[in-house]
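# A closer look at the structure
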Amino acid sequence: MYIFLSVISMLVLMSAVKAFTPSSIRSTRYVSSKSAVPRDLWIPPSAPVDSEAALQLTLKKSLEGATFKKNLAILGSTGSIGTQTLDIVRAKPEHFAAVALSAGRNINLLYEQIKEFRPVCASTQTPEDADAVRAMLKDAGIKCDIFHGIDGVDEVAKCAEADTVVTGIVGAVGLQPTMSAIRLGKDIALANKETLISGGPVINPLVKEFGVNLLPADSEHSAIFQSLQGCPPEGLRRVILTASGGAFRDFSKDELFNLCRDDPAAVQKKATTHPNWDMGAKITLDSATMCNKGLEVIEAHYLFGAAYNDIDIVVHPQSIVHSMVEMQDTSVISQMGWADMRLPLVYAVSWPQRLRMDYKPLDLAEIGSLTFKAPDHKKYPCINLCYEAGRAGGTMTAILNAANEAANEKFRENVGLGFLDIPKLIEASMEAAKDEGLYKTDDVTLDDILAGDNWAREFVAGKTEKLVKGQNPQILV
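The rules behind the values
- Residues numbered from 1 in each chain as written.
- Predicted model: local features only at pLDDT ≥ 70, side-chain atom pairs only at ≥ 80, totals over all residues.
- Heavy atoms only, no water.
- Pairing = 2+ DSSP bridges.
- Helix = DSSP H or I, 4+ residues; strand = E, 2+ residues; numbered from the N terminus.
- Axes fitted to C-alpha atoms, helices over the stretch in contact; angles between N-to-C directions.
- Parallel < 35°, antiparallel > 145°, perpendicular 65-115°, else oblique.
- Contact = heavy atoms within 4.5 Å.
- Nonpolar A, V, L, I, M, F, W, Y, C, P; charged D, E, K, R; others polar.
- pLDDT = per-residue confidence, 0-100.
- Phe/Tyr/Trp six-rings, centres within 6.5 Å; stacked < 30°, edge-to-face > 60°.
- Buried < 20%, exposed > 50% of the residue type's maximum accessible area, 1.4 Å probe, protein only.
- Lys NZ or Arg CZ within 6 Å of the ring centre and 35° of its normal.

Attention now moves to the sheet that holds strand β8 (residues 236-243). Reading across the sheet, the 4 strands line up as β9-β8-β10-β11 and stay open at both edges, with mixed pairing between neighbours. Every interior strand has two partners, whereas the edge strands, β9 (311-315) and β11 (332-336), have only one. With direction set aside, neighbouring strand axes in the sheet form an average angle of 20 degrees. Where β8 meets β9, 5 bridges bridge the pair, whose relative direction is parallel. The residue of β9 that forms the bridge with Thr242 is Val314.

This brings us to the packing of helix α8 (residues 175-183) against helix α9 (residues 194-210). Contact geometry for α8 and α9: axes closest at 10 Å, N-to-C directions at 5 degrees. Regarding the angle of α8 to α9, the classification is roughly parallel. Of the residues in α9, those in contact with Leu175, Thr178, Met179, Ile182 and Arg183 of α8 are Thr195, Gly199, Val202, Ile203, Leu206, Val207 and Phe210. Looking at the contact of α8 with α9, its residues break down into 8 nonpolar, 3 polar and 1 charged.

With that settled, consider unusual backbone geometry. The linkage connecting Trp351 with the following residue, Pro352, adopts the cis geometry, with an omega of -5 degrees. With a phi angle near 65 degrees, Glu234 is a residue other than glycine that sits in the positive phi range. For Glu234, the position within the fold is in the loop between α10 (219-227) and β8.

On to the confidence of the model for the protein. Scored by pLDDT, the protein has a mean of 90; 89% of the residues are at 70 or more. Predicted confidence for residues 1-28 stays below pLDDT 50, and this span has 23 contacts to residues more than four positions away or in other chains. Between residues 473-477, whose pLDDT stays under 50, and residues either more than four places distant or in other chains, the model counts 7 contacts.

On to the packing of aromatic side chains. In this structure the tally under the stated criterion is 7 aromatic pairs. Each ring, one from Phe225 and one from Trp351, has its centre 5.8 Å from the other, and the planes form 45 degrees; the classification is tilted. Taken as a pair, Phe225 in helix α10 and Trp351 in the loop between α15 (342-350) and α16 (364-367) lie far apart in primary sequence, 126 residues in all. Between Phe411 and Phe419, the ring centres sit 6.0 Å apart and the planes meet at 70 degrees, which makes this aromatic pair edge-to-face. Looking at Phe411, the relative accessible area reads 2%, which means it is buried. Joined through ring pairs, the aromatic side chains of Phe248, Phe251, Phe411 and Phe419 make up one cluster. In this structure, Lys360 packs its charged tip against the face of Trp338, placed 4.4 Å from the ring centre.

Put into structure tokens, the structure is as follows:
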């Protein structure tokens, strides 16, 4: 009865939207994502939300029922996202099959995954690893095409048997395979945030051109996406991203800065340990600098079309409210759940269906209280840098992202780079990019994005080397 009433309600809502929201009004707040005008405007979203077409598609798929079977290509199958996606495949074999896998250097785990799920193809990072996996598969009598390198990841993304690609690899390396999958009409379960942060100017038009569904698979953007289900066109007023606050959330700015000065080794250790989530090393450090949340602001802009002035961040230490949306009438809708990455992943690959999963139900009484506070932008300068890059638009977000990735890696390698040097390197990269002609806003291409990405990585590497050698202590000022 409830399902019947919900369907009728959605039909009535869609009729009302079509009848009372003229197309001239529906389109007025959007500008082209390639426009040279200031980026602090709303743009057409890449996720299937905030339009009449999105409502119709959601209703159509909802009425089809949970009778689907999807073939997944998983980029990063041995990482955190990949292994949790395979947990879902394992739990729901009637709905999912893993037909293609790409991995890094963990070839033993990849071999075990191939044995269990029997994909048609897989990829490793190096040719030597590919040869080793082929030898193991030959001894086991298992057939599977093995590729390697970035071209191998691309082959996995283009696998003919796959209809949905889960992008679980970290960094801008996921950009090209994602574009290849989109061009072949495959839906994208997007767990690689850099795809939109770096490539938004080219990804958003591509999604529209090929008519695929770009479905967020990370916690915060999935929460926004889930909260927007049934929202009429232009019903969204504001996006509110929640942040755990990372490793230093209980430190004041002065306490953190003093610790960086007095005990950098302690900072090094703590910055790579997350208080709530079990994530990869890169993302955990991004959480400590809160650059991850700034990057998520940029991703939310491209996914949901919201202007940067209409995307806010709030620190929520319990990580139960995964994000919120404010509607035009100021009603706020949130999505809540335990800190479990499988929840957004399962929704991304089953949208708009709701599969029954044997996960621990949320118990608000057990939690007791939920708290929120504004982030300290002076303590976390990366947040403002991300807003600045997002508003600049064009290739600047790719430059920001690459500079952060490079600085993040250098810090984790313990080469002598300080925690507070990370935002300084990012800011220096953004300023230098303007002088070097790498910042471009009009008719941005993939080559422009990759050029900015490569340049920023080299810039950070060079500056880091000079900094840790003490050749120029003022190099980041």
